[in-house]
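# Notes for the structure review
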Amino acid sequence: MLRFREAASSDITNIMALERACFNTDTQEAESTYLERIDAFPQGFIVMESADRSNFSSRSVGEFLGAVSSEIWQYEPSIARDSFTLGHSIKKQLKLAGDELYISSIGIFPRHRKCGYGKLLFRELINRVHVLFPLVVKGILLINEEWHGARKIYANNGFHDAAVFDDFFTSDNGTKTNGIVMRNDDITKIIIG
Ligand SMILES: CC(C)(COP(=O)(O)OP(=O)(O)OC[C@H]1O[C@@H](n2cnc3c(N)ncnc32)[C@H](O)[C@@H]1OP(=O)(O)O)[C@@H](O)C(=O)NCCC(=O)NCCS
């Protein structure tokens, strides 16, 4: 059984373990960045856990499977590289009355990948944001050109390539890879249920 809930600061140990399991050192965000995201916009920071049916109460603690974080921005047709830099402050860019959802990170622990959890978690985020912030109709995100699993989830959900940032990412051996900004003009089409 799966359970989704908003992240809390008490999740930070699991969130940082997930960050290390998902991203190389150049791409990992600092703990302070995640704590700021939880504080500023918990409605857009969703944790996925497994839970036994026998232990399924709001206070029970299941196995932490993954998490997704996001921000609400005001749509701008131009795409600024600076908006996507590691450690950018959510509090400076968050516009709760805005119309575009920026998905800042999604991760599933490696042992639980390719079971469909990533796409469920992504759709849960879109559903929740739609209910709480109905003005949000657009979506934007940045991926490394080598994050094939994430790219598949976003492409399957109507995101298209909107810009390329040359040599945006650096792998642990120093190799540079491009960043690809993907956009979706109507994320309400993703909504299920
Ligand atoms: C991206 C990630 C969250 C996907 O989670 P997941 O639970 O494995 O994804 P799912 O099982 O829901 O798979 C979703 C789709 O992607 C495909 N997919 C998953 N991993 C893939 C891979 N490595 N290569 C190609 N396709 C892949 C699945 O086949 C599925 O396609 P379908 O819907 O057409 O059947 C996970 O791989 C991860 O945590 N990666 C590291 C962090 C990362 O890259 N985050 C992206 C930051 S924007």
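Residues numbered from 1 in each chain as written. Predicted model: local features only at pLDDT ≥ 70, side-chain atom pairs only at ≥ 80, totals over all residues. Heavy atoms only, no water.

### Examining the pattern of salt bridges
It is possible for side chains bearing opposite charge to pair when their charged atoms get close. Enumeration over the complete set of coordinates arrives at 9 salt bridges. With a closest N to O distance of 3.0 Å, E100 and R183 form a salt bridge. Here E100 is found in strand β4 (residues 100-108), whereas its partner R183 is found in strand β7 (residues 176-184), with 83 residues between them in sequence. Overall, the relative accessible area of 1% leaves E100 in the buried class. When its relative accessible area of 6% is taken as the criterion, R183 is described as buried. R151 is the partner of D161 in a salt bridge, and the nearest nitrogen-oxygen pair spans 2.8 Å. Placement of D161 in strand β6 (residues 160-170) and of R151 in helix α5 (residues 148-156) is noted, with a sequence separation of 10 residues between them. Since its relative accessible area comes to 42%, D161 is described here as partly exposed. R151 sits in the partly exposed class, given a relative accessible area of 25%. (Salt bridge = Lys/Arg side-chain N within 4 Å of Asp/Glu carboxyl O. Helix = DSSP H or I, 4+ residues; strand = E, 2+ residues; numbered from the N terminus. Buried < 20%, exposed > 50% of the residue type's maximum accessible area, 1.4 Å probe, protein only.)

### Notes on the site of the ligand
Around the ligand, 22 residues are found, and the nearest of them are I106, I108, K114, G116 and G118. Here an oxygen atom of the ligand sits 3.3 Å away from a polar atom, N or O, in the side chain of R113. Within the backbone of K114, one N or O atom sits 2.8 Å away from an oxygen atom of the ligand. In the complex, 77% of the free accessible area of the ligand, which totals 930 Å², lies under the protein chains. Elements supplying a minimum of two residues to the shell around the ligand: β4, α4 (117-132), β5 (138-144) and α5. Classifying every residue of the shell around the ligand gives 12 nonpolar, 6 polar and 4 charged. (Near = heavy atom within 4 Å. Polar contact = N/O pair within 3.5 Å; in protein donor to acceptor, adjacent residues only side chain to side chain. Areas by Shrake-Rupley, 256 points an atom, 1.4 Å probe, with all protein chains shown as cover. Nonpolar A, V, L, I, M, F, W, Y, C, P; charged D, E, K, R; others polar.)

### Some words on the nonpolar core
In terms of nonpolar packing, the biggest core is built from 31 residues, with L101, I103, L121, F122, Y154 and F159 touching the most fellow members. Every element with two or more residues in this core is listed here: β2 (45-50), β3 (63-73), β4, α4, β5, α5 and β7. The greatest single-element share of this core, amounting to 5 residues, is contributed by α4. Aside from chain neighbours lying at most four places away, what touches L121 is F4, I46, M48, G66, A67, V68, I106, G107 and I108. Formed by 12 residues, the second largest nonpolar core is a distinct cluster that contains I12, I15, F45 and F64. (Core = buried A, V, L, I, M, F, W, Y, C linked by side-chain atoms within 4.5 Å. Contact = heavy atoms within 4.5 Å.)

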